[in-house]
Amino acid sequence: MKISREEVLRVAELAHLELSEAEAETYRGQLDSILEYVDELNEVDLSGVEPMAQVLFSADDAAQSNLREDVEKPCDAGTKLLNQAPEARKPYFRVPKVIDR
Amino acid sequence: MSAAANWTISSVRDALTAKKISARELTDDYFGRIERKNSELNAFLTLSKDRAYKQAAAVDGLVAKGSSLPRLVGVPIAVKDVLSTEGIRTTCGSKILENYIALYDATAIARLEAAGAVLLGKTNCDEFAMGSSNENSAYGPVQNPAAPGRVPGGSSGGSAAAVAANLAVVSLGTDTGGSIRQPGAYCGIPAMMPTYGRVSRYGLVAFASSLDRIGPFAQTVRDIAEVFSVIAGWDPNDSTCANVPLPDYTANLDKSVSGMRIGVPDEYFAAGLDLEVRTKVEAGIALLEKIGCKRVSIRLPHTDYAIATYYIIATAEASSNLARYDGVRYGLRTSAPTLSEMYRKTRRNGFGAEVKRRIMLGTYALSSGYYDAYYLRAQKVRSLIARDFAEAFSRVDAIITPTSPVPPFKLGERTADPLQMYLADIYTVTGSLAGLPAISVPCGKTSEKLPVGMQIVGPHFSEGRVLQIANAFEQAGGFAI
């Protein structure tokens, strides 16, 4: 077994997902078979192989060719954004109390 | 004009120029088609009528004035609902964004409209583009217009179905591991994933940022090239968009492919490939040889590891990208007494089963103690997969493969086992991991009349050549082989 029920619940907590008992069991089985499958990557000889950090360029090329001038531009999206918020008290987003005094 | 007319970009332009139809009439005609067929197909989630008629009026104004007409003048288009549209809801196929109205337009859509295209609406897709059958949409599955009772493919199933059913002339989809090419193959139309970085992703809701791309569906390769020429090119609003010269992708379409070396990888014609799909794609390759291409046998030795590599990298990136849906700033919120409970309940109620599964897999792969074993290892194998292709392209101009190992399957047939669904992405995830451009073209039908797709993969930024081969194949009758 690659992943236990406790690990599934820990991962769900890290990902801020609430799971029912039944869901936890279903996901445990499914994640288990997927992780079992991806174990085949352990067969590959990776000595001296660098991880692929950029799809097309080295970071230097990207920096030279892709970045625009660092010019300040006005951004007036604030009000529009707050109008979409589930709960707002302008100019703030409102959330449940975080710290108890 | 006949309601059944099968329009192309150039026939729309000709009819508008000759004043045989107005953009308004054409727009009316397409909304009429959608009204008649969408309840059955479920290809569109939202229609953008006001915006479409406003654009049609502008087009008719240009025609009346005798102005020079832009490239996609009056062309009715549809876009996948993961692309942001100002003032129009953008759901990503998810309940968590059911009422989300984007504040700005994706660059790709803005460019299409600047070229005169008329946006009809937003198309159905797997939730956050995660799926290979369109069955993961919170708004119900899409029917395959080319194969009733079967999936249209995914995740861009609505965009493929809309074009295949003539509910739009062209459409945009997105491809992370095959989500443009596989639905194109399943619905029997050409569909292209460009090189990573060739099309701006500004305004695309992110799934896996090192893989996501935007590309077109159409009825003809020429129309793919037309749309691609409009959406490609550098955009200062996307730092991952490549600043490299932009050719006109229609310029070389009709040039001969004689002498082109096409690579056929052994690994893509091995166990797991449906026999009828194999026969059709072999016939497709034989046709390419007949028109002058030279077949070269090649090896892509790390192909077997591509699915595992892809599903680690894509889910890891997804778990990070989807952290933003927390009920604070936009989208669904489920109220709860504490902040952490609000996050957890919002995400429980807002996300579907596949999205949760991928978030958990990705979170696990990135979590302390597992990062080296999963994510880092996968990124190294990804280097080897990219290297396989680089070596192959030193010997060949393009690589030919099936797009999917199986023809379109029945709705509901594969939903029980996520891993089995993932495994069918084998021929498309490789090009995704390596950042390569690839087009799927129709390649005949099976004995049950199910569409088969053939994939043409090229080196980075070789879309012109890929389109040239695809067009030669279409002109030689390959679509109906």
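Computed from a prediction, not measured in an experiment: that's the story for all the values here.

Draft legend 1. Representation of the overall build of chain B. Of regular secondary structure, chain B possesses 15 helices and 11 strands. In summary, chain B has a C-alpha radius of gyration of 21 Å against a globular reference of 23 Å for 481 residues, a match within 12%. Residue pairs at least 24 apart in sequence account for 76% of intrachain contacts in chain B once pairs closer than 6 positions are excluded. Here chain B has roughly 15,400 Å² of accessible surface; of this, 50% comes from carbon and sulfur atoms.

Draft legend 2. Structural detail: the overall build of chain A. Along the backbone of chain A there are 4 helices and 2 strands. In chain A, the order of α-helices and β-strands from amino to carboxyl end is α-α-α-α-β-β. A compact globule built from 101 residues should have a C-alpha radius of gyration of about 13 Å, whereas chain A, at 23 Å, is more than 25% larger. Referenced to the eigenvectors of the C-alpha coordinate spread, the extents of chain A come out at roughly 55 × 45 × 25 Å. Counting all 101 residues of chain A, 33% fall into the buried class. Sequence-distant contacts, at least 24 apart, represent 33% of the contacts inside chain A between residues at least 6 apart. Carbon together with sulfur atoms contributes 49% to the accessible area of chain A, which is approximately 7,100 Å² in total. Placing the 12 positive and 22 negative side-chain charges of chain A at their respective mean positions leaves the two points 16 Å apart.

Draft legend 3. View of empty space enclosed by the protein. Residues and elements named next belong to chain B. Taken as a whole and assessed by the stated rule, the structure comprises 4 cavities of 30 Å³ or more. There is about 100 Å³ of room inside the largest cavity. As for the largest cavity, its lining consists of 15 residues, of which Gly 131, Ser 132, Gly 177, Ser 179 and Asp 425 are closest to the centre. For the lining of the largest cavity, a count of residues per class yields 4 nonpolar, 9 polar and 2 charged.

Draft legend 4. View of the interface of chain B and chain A. Contacts between chain B and chain A engage 70 residues on the former and 53 residues on the latter. Summed over both partners, the interface of chain B with chain A comes to about 5,500 Å²; 66% of that surface belongs to carbon and sulfur atoms. Between the two partners, chain B and chain A, sit 4 salt bridges. The partner of B:Arg333 in a salt bridge is A:Glu87, and the shortest N-O contact between them spans 3.0 Å. Our count for the chain B to chain A interface comes out at 17 residue pairs in polar contact (both at pLDDT 80 or more). Elements with a minimum of two residues in the side of chain B that touches chain A: helix 9 (306-321), helix 10 (339-350), helix 11 (353-366), helix 12 (372-392), helix 13 (418-423) and helix 14 (426-434) of chain B. Here the element with the most residues in the side of chain B that touches chain A is helix 12 of chain B; it accounts for 12 residues. Broken down by class, the residue content of the side of chain B that touches chain A amounts to 41 nonpolar, 16 polar and 13 charged.

Draft legend 5. Fine view of unusual backbone geometry. Here the bond from A:Lys90 into A:Pro91 is cis, since omega is 5°, no more than 30 degrees from zero. For A:Pro91, the location among the structural elements is in the loop between strand 1 (88-89) and strand 2 (92-93). Of note, the amide linkage connecting B:Gly154 to B:Ser155 takes the cis form, showing an omega dihedral of 10°. Summarising the element assignment, B:Ser155 is placed in the loop between strand 3 (118-123) and helix 5 (157-164). Its identity as a non-glycine residue notwithstanding, B:Asn42 has a phi of 60°, on the positive side. Tracing the backbone shows B:Asn42 in the loop between helix 2 (23-41) and strand 1 (44-47). Among the residues examined, B:Asn42 registers a relative accessible area of 19% and is labelled buried.

Draft legend 6. Structural context of the packing of aromatic side chains. Residues and elements named next belong to chain B. If you walk through the whole model with that rule in mind, you get 17 aromatic pairs over all chains. Here the aromatic rings of Tyr 325 and Phe 351 are separated by 6.2 Å at their centres, their planes lie at 90°, and the arrangement is edge-to-face. Of the two residues, Tyr 325 sits in the loop between helix 9 and helix 10 while Phe 351 sits in the loop between helix 10 and helix 11, which places them 26 residues apart along the sequence. With respect to burial, Tyr 325 and Phe 351 carry one shared label: buried. Aromatic ring contacts, followed pair by pair, group Tyr 100, Phe 128, Tyr 325, Tyr 330 and Phe 351 into a single cluster.

Draft legend 7. Structural context of the pairing of strand 6 (residues 213-217) of chain B. Residues and elements named next belong to chain B. The buried fraction of strand 6 amounts to 5 of the 5 residues, a majority that puts the element mostly inside the structure. For strand 4 (residues 170-175) and strand 6, the ladder comprises 5 bridges, and the chain directions are antiparallel. Bridging across to strand 6, Ser 171 finds its partner in Phe 217.

Draft legend 8. Molecular detail of the pattern of salt bridges. Counted by the stated rule, this structure contains 24 salt bridges over all chains. Notably, a salt bridge pairs A:Glu18 with B:Arg348, separated by 2.3 Å at the nearest N-O pair. Within this pair, whereas A:Glu18 is found in the loop between helix 1 (5-14) and helix 2 (21-38), its partner B:Arg348 is found in helix 10, the two belonging to separate chains. For A:Glu18, a relative accessible area of 13% puts it in the buried group. Looking at B:Arg348, the relative accessible area reads 29%, which means it is partly exposed. For B:Asp254, the salt bridge identified is with B:Arg222, shortest N-O distance 2.8 Å. One end of the pair, B:Asp254, is in the loop between helix 7 (221-231) and strand 7 (261-265); the other, B:Arg222, is in helix 7, with 32 residues separating them in the sequence.

Draft legend 9. Molecular detail of the nonpolar core. All names here are of chain B. The biggest cluster of nonpolar side chains holds 169 residues, and the ones touching the most others in it are Phe 128, Phe 389, Ile 456 and Leu 467. With 10 residues, helix 9 is the largest single contributor of residues to this core. Beyond its immediate stretch of four places on either side in the chain, Leu 467 contacts Met 192, Val 221, Ile 224, Ala 225, Phe 228, Tyr 249, Leu 253 and Ile 439.

Draft legend 10. Region of the structure containing helix 10 of chain B. Residue and element names in this part refer to chain B. The end-to-end C-alpha distance of helix 10 is 16 Å, a good match for the 16 Å that 12 residues give at a rise of 1.5 Å each. When helix 10 is considered as a whole, its buried residues turn out to be Leu 339, Met 342, Tyr 343, Thr 346, Arg 347 and Gly 350. End-on, the buried residues of helix 10 take up no more than an arc of 120°, which puts them together on one face. Where helix 10 is buried, its residues meet helix 11.

Draft legend 11. Region of the structure containing the packing of helix 9 of chain B against helix 14 of chain B. Residues and elements named next belong to chain B. Interhelical geometry of helix 9 versus helix 14 gives an angle of 60° and a closest axis separation of 9 Å. In terms of orientation, helix 9 and helix 14 fall into the oblique class. Read as a crossing pair, helix 9 and helix 14 show a hand that is left-handed. Each of Ala 306, Ile 307, Thr 309, Tyr 310 and Ile 313 in helix 9 lies in contact with helix 14, whose residues at this interface are Ile 426, Val 429, Thr 430 and Leu 433. In terms of residue class, the contact of helix 9 with helix 14 is built from 7 nonpolar, 2 polar and no charged.

Cut-off values and rules
Residues numbered from 1 in each chain as written. Chains lettered and ligands numbered in written order. Predicted model: local features only at pLDDT ≥ 70, side-chain atom pairs only at ≥ 80, totals over all residues. Heavy atoms only, no water. Helix = DSSP H or I, 4+ residues; strand = E, 2+ residues; numbered from the N terminus. Rg over C-alpha atoms; globule rule 2.2 N^0.38 Å. Contact = heavy atoms within 4.5 Å. Areas by Shrake-Rupley, 256 points an atom, 1.4 Å probe, with all protein chains shown as cover. Buried < 20%, exposed > 50% of the residue type's maximum accessible area, 1.4 Å probe, protein only. Lys, Arg positive; Asp, Glu negative; His and termini not counted. Charge placed at Lys NZ, Arg CZ, Asp CG, Glu CD. 1 Å grid on protein atoms, 1.4 Å probe; cavity = no way out; pocket = protein on both sides within 12 Å on 5 of 7 lines; lining within 4 Å. Points joined across faces, edges and corners; volume = space filled by probe spheres on them. Nonpolar A, V, L, I, M, F, W, Y, C, P; charged D, E, K, R; others polar. Buried area = accessible area lost by both parts, 1.4 Å probe. Salt bridge = Lys/Arg side-chain N within 4 Å of Asp/Glu carboxyl O. Polar contact = N/O pair within 3.5 Å; in protein donor to acceptor, adjacent residues only side chain to side chain. Phe/Tyr/Trp six-rings, centres within 6.5 Å; stacked < 30°, edge-to-face > 60°. Pairing = 2+ DSSP bridges. Core = buried A, V, L, I, M, F, W, Y, C linked by side-chain atoms within 4.5 Å. Expected span 1.5 Å × (residues − 1). Arc of directions from axis to C-beta. Axes fitted to C-alpha atoms, helices over the stretch in contact; angles between N-to-C directions. Parallel < 35°, antiparallel > 145°, perpendicular 65-115°, else oblique. Left-handed = near helix turned anticlockwise from the far one by under 90°.

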